[in-house]
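Understanding the architecture of this molecule
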Amino acid sequence: MFVGRNNELKEISDALNSEKFEAILLYGKRRVGKSEIIRESLKFTNLPVINFECKKTSSMLNLNLMAQLFLNEFDLGNINFTSFDSFFDFIFNYSLNHKFVFVIDEFSFLLEDDFTIESALARAIDKYKNNSMMKLFVSGSYITLMTKMIEYGSHSFGRFNHILLVRPFDYYTSSLFYENYSLEDKIKMYSVFGGMPYFNSLINSNLSADDNIINLIVKQDSILEHEINEMILMETNKINLLNDLISIIGSGVTKYKDIVTRMNQFNGSRPDYLLNKLIDMDILRKVCPINDKNNSKRMFYQFEDNLIHFYYKYLFNNPYTINRRDAKFFYENFIKDDFEANYIPMKFEMISKDFLLRLNFNNKLENIVMDIGTYFFDDQKNKINREFDVVTKDKMGYISYECKYTNSPISLDVIEEEIRQTKNLNIRFYKLGFISKSGFEKNVDKDKYNCYELKDFYC
């Protein structure tokens with residue numbers, strides 16, 4: 001099932017329908033849907049398509065396979081290419097008189113073996129771009145290598161006129177994979193599987209949310225456990241150090257100085273390189289309060305990838321993993337209580353930010369939001385500090401949102417307590433908002449506050 005990606009498909013469609021050479025680069029983490037976007041977009045063109053997926057092998061073997069596919073497609077006989085320079089020169093020269101689409105998928109496999117191939121492609125584009133009629137797609141999953149291609153100073157810089165960073169879906173688009181689930185189960189599924197299209201495509205909507213979690217990730221040697229291991233191995237050979245670091249953050253240690261201390265205890269290494277690597281891989285994000293962005297002491301790290309967070313929190317270091325042979329028993333006894341009481345409410349705060357951004361994008365907020373994030377209050381004189389998890393900033397100032405993922409509706413007492421706290425702390429929120437899983441009691445004045453409940457998330 002193909003869902004979403006309307007903006008990407010529109011841009012690619014315009015490129016396919018143009019009368020000039022087009023070079024389109026797509027990159028993003030493994031399983032984010034790059035190949036599916038290409039396949040879907042090609043359904044709407046009548047041009048001949050050569051679609052080659054690079055193999056994780058030598059660049060010369062890939063060259064031979066790619067050339068064989070191209071020559072066979074256009075019945076051009078047998079030609080022996082000794083380098084990518086000669087092959088790219090041949091296909092670009094052929095494109096001076098022939099229209100076709102040429103897709104090089106998983107191009108980063110080539111770069112991993114021989115990064116000079118990037119310069120060979122750039123030289124061919126420079127030489128032929130003004131007269132070529134080819135539509136060239138290049139995609140890759142090794143984010144570090146692919147971003148090198150588009151950095152200033154690289155041979156490929158400026159050679160691609162369409163660059164698409166393919167990101168995971170938000171909570172709303174992800175829910176299209178399990179439309180028949182209850183609102184609570186939609187939140188639960190996104191809290192575990194996040195926005196990766198492939199992960200979500202594995203969900204069997206005829207099973208319960210819990211059964212999908214058990215089958216796809218909790219079960220020993222599950223398909224998604226292997227995916228996680230492959231994802232991490234693909235980007236770095238420092239797998240042991242990376243596992244140490246993710247485990248530390250998964251256990252709740254999120255501030256930089258605390259991470260450094262724990263890493264020293266584990267293996268005596270500093271985490272800076274690996275932290276940046278995990279950010280590049282879209283596994284972590286660096287979080288700074290929106291009212292104090294330059295204060296490194298307030299900075300902390302948060303999981304960007306929900307599935308990896310779930311795996312490292314509940315499975316990777318769990319001392320009772322021997323019981324995973326009975327996955328349902330393991331889930332019921334070692335995961336479910338904490339998962340529902342703590343993990344999902346924490347993810348609900350992050351989902352609430354995406355919800356507010358969605359409202360903002362659709363012009364459904366009173367004022368345009370310029371920033372969203374955490375807000376840190378620190379009164380050193382009185383030794384009082386507090387962190388507010390969901391705060392927006394607009395032209396009027398700050399709005400703080402209290403998020404409650406409980407089975408009870410938000411009462412007037414909860415709202416009045418939040419008012420008292422912010423007044424006592426002398427925080428200048430010009431308005432308060434409340435986001436509730438279970439709605440609000442009747443005596444809450446919804447016109448006075450920004451009030452949202454779960455059903456609003458999926459409108």
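Residues numbered from 1 in each chain as written. Predicted model: local features only at pLDDT ≥ 70, side-chain atom pairs only at ≥ 80, totals over all residues. Heavy atoms only, no water.

Okay, the overall build of the protein next. Secondary structure assignment for the protein yields 19 helices and 12 strands. Along the longest, intermediate and shortest principal axes, the C-alpha atoms of the protein span 80 × 50 × 50 Å. Every one of the 459 residues in the protein was classed for burial, and the buried ones make up 53%. Across the protein, every contact between residues at least 6 apart in sequence was considered, and the portion connecting residues at least 24 apart equals 66%. (Helix = DSSP H or I, 4+ residues; strand = E, 2+ residues; numbered from the N terminus. Buried < 20%, exposed > 50% of the residue type's maximum accessible area, 1.4 Å probe, protein only. Contact = heavy atoms within 4.5 Å.)

Here we come to helix 4 (residues 84–94). Within helix 4 the residues assigned to the buried category are F84, F87, F88, I91, F92 and Y94. The arc that holds the buried residues of helix 4, viewed along the axis, is 160°, so those residues lie on one side. Buried positions along helix 4 lie against helix 3 (59–73), strand 3 (100–105), helix 5 (108–113), helix 6 (116–128) and strand 4 (134–140). (Arc of directions from axis to C-beta.)

Turning to the environment of F316, a few remarks are in order. Checked against the element boundaries, F316 lands in helix 16 (residues 306–316). On the basis of relative accessible area, F316 is assigned to the partly exposed category, the value being 29%. In this structure, the C-alpha to C-alpha distance between F316 and I246, residues 70 residues apart in sequence, is 9.8 Å. Beyond its immediate chain neighbours, meaning those up to four positions away, F316 contacts N243, S247 and Y311.

On to the pattern of salt bridges, then. By the definition in use, this model includes 31 salt bridges. Between E19 and K99 there is a salt bridge, with the nearest N and O atoms lying 3.3 Å from each other. Separated by 80 residues along the polypeptide, E19 in the loop between helix 1 (6–16) and strand 1 (22–27) and K99 in the loop between helix 4 and strand 3 bring together distant segments of the chain. For E19, a relative accessible area of 66% corresponds to the exposed category. (Salt bridge = Lys/Arg side-chain N within 4 Å of Asp/Glu carboxyl O.)

In the case of a regular strand, side chains alternate between the two sheet surfaces. Burial of the side chains of strand 12 (residues 450–453) extends over both faces: N450 and Y452 are buried on one face and C451 and E453 on the other. Judged from the 4 bridges that link them, strand 11 (residues 429–436) and strand 12 form a sheet pairing that is parallel. Paired with S436 across the strands is E453, a residue of strand 12. (Pairing = 2+ DSSP bridges.)

Any residue range with low pLDDT should be treated as having predicted coordinates unsuitable for detailed reading. Chain-level pLDDT for the protein is 91 on average; 97% of the residues reach the 70-or-more range. Taken element by element, the protein is modelled with least confidence in helix 12 (residues 223–235), mean pLDDT 82, and with most confidence in helix 9 (residues 183–193), mean pLDDT 98. (pLDDT = per-residue confidence, 0-100.)

Here the focus is the side chain of K347. Here K347 lies in helix 18 (residues 336–361). Despite its burial, K347 pairs with no opposite charge; the closest candidate is D305, at 7.9 Å N-O. In this structure the side chain of K347 is engaged in a polar contact, spanning 3.0 Å, whose partner is the side chain of H309. Once residues within four sequence positions are removed from consideration, K347 is found in contact with S191, F303, N306 and H309. (Lys, Arg positive; Asp, Glu negative; His and termini not counted. Polar contact = N/O pair within 3.5 Å; in protein donor to acceptor, adjacent residues only side chain to side chain.)

What follows is about the sheet that holds strand 2 (residues 49–53). Through backbone hydrogen bonds, the strands of a sheet pair up, either in parallel or in antiparallel fashion. If you trace the 5 strands from one edge of the open sheet to the other, you get 2-3-4-1-5, paired in parallel fashion. Each having just a single partner strand, strand 2 and strand 5 (162–165) make up the two edges of the open sheet. Taking each pair of neighbouring strands and ignoring which way they run, the sheet shows an average axis angle of 10°. When strand 3 meets strand 4, the two strands line up parallel, connected through 5 bridges. Bridge pairing links I104 to V138 in strand 4. Contacting strand 1, strand 4 and strand 5, helix 7 (residues 143–150) runs over the sheet at an angle of about 145° to strand 1. (Axes fitted to C-alpha atoms, helices over the stretch in contact; angles between N-to-C directions.)

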